[in-house]
Amino acid sequence: QVQLVESGGGSVQAGGSLTLSCTASGNIVSISLMGWYRQAPGKQRELVATLNSGASTNYGDFVKGRFTIFRKNSAKNTIFLQMNSLSPDDTAVYYCNTYMTTVERDLTYYWGQGAQVTVSS
């Protein structure tokens, strides 16, 4: 059974930093894409950042160089989101997302349970 386990959420003051991590587990054959989305109260879920198997990245327009998505070679099923210069507008639930093939299923999207990030002014 596929699991996406997120960690690193929490509360921080404006201008601070947080790092989120997400680890995918299960009978994974290959991962095409991993990324982060977020959803603030009353708003639609939006793209934060993605990282594909070719190491290309894509960021939401609001990121403006503040966030970095990366993976360590030693743990390719884990991604990180380094968030700097956080503002109250970044307060949201951050969801990990993967697009991958498992033994049981062809390419499918999976979602994590979400990690709350709260930025106070």
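Described below are features of the structure shown in this document. Owing to the predicted nature of the structure, the values given are computational and were not obtained by experimental measurement.

Digging into the overall build of the protein chain
- On a plain count of helices and strands, the protein chain comes out with zero helices and 11 strands.
- Counted from the first residue to the last, the protein chain has its helices and strands arranged as β-β-β-β-β-β-β-β-β-β-β.
- On C-alpha atoms alone, the protein chain measures out to a radius of gyration of 14 Å, which is about the 14 Å that the 2.2 N^0.38 rule sets for 121 residues.
- Principal axes of the C-alpha set define a box for the protein chain whose edges measure 45 × 25 × 20 Å.
- The proportion of buried residues among the 121 residues of the protein chain is 40%.
- Of the contacts formed within the protein chain by residues at least 6 apart in sequence, a portion of 54% connects residues at least 24 apart.
- When the accessible area of the protein chain is evaluated, it comes to approximately 6400 Å², of which 45% is carbon and sulfur surface.

Remarks on the pairing of strand β7 (residues 67–72)
- Where β7 and strand β8 (residues 75–83) come together, six bridges link them in antiparallel fashion. Pairing of T68 across the sheet is with Q82, part of β8.
- A loop of two residues connects β7 with β8, the two strands running antiparallel in sequence.

Quick look at the state of the cysteines
- Tallied over the full model, the rule gives one disulfide.
- Across the disulfide from C22 sits C96; the S-S distance is 2.0 Å. Sign of the S-S torsion, about -80 degrees for the bond between C22 and C96, identifies this disulfide as left-handed. Of this pair, C22 sits in strand β3 (residues 18–25) while C96 sits in strand β9 (residues 92–102), placing them 74 residues apart in sequence.

Side note on the sheet that holds β3
- The antiparallel open sheet is built from four strands, whose spatial order is β1-β3-β8-β7. The outermost strands of the open sheet, each flanked by one partner alone, are β1 (3–7) and β7. If you compare each strand with its neighbour and ignore which way they point, the axes differ by 20 degrees on average.
- Sheet topology note: the β1/β3 ladder contains five bridges and is antiparallel. The partner of V5 across the bridge, within β3, is T23.

Parameters at a glance
- Residues numbered from 1 in each chain as written.
- Predicted model: local features only at pLDDT ≥ 70, side-chain atom pairs only at ≥ 80, totals over all residues.
- Heavy atoms only, no water.
- Helix = DSSP H or I, 4+ residues; strand = E, 2+ residues; numbered from the N terminus.
- Rg over C-alpha atoms; globule rule 2.2 N^0.38 Å.
- Buried < 20%, exposed > 50% of the residue type's maximum accessible area, 1.4 Å probe, protein only.
- Contact = heavy atoms within 4.5 Å.
- Areas by Shrake-Rupley, 256 points an atom, 1.4 Å probe, with all protein chains shown as cover.
- Pairing = 2+ DSSP bridges.
- Disulfide = S-S within 2.5 Å.
- Axes fitted to C-alpha atoms, helices over the stretch in contact; angles between N-to-C directions.

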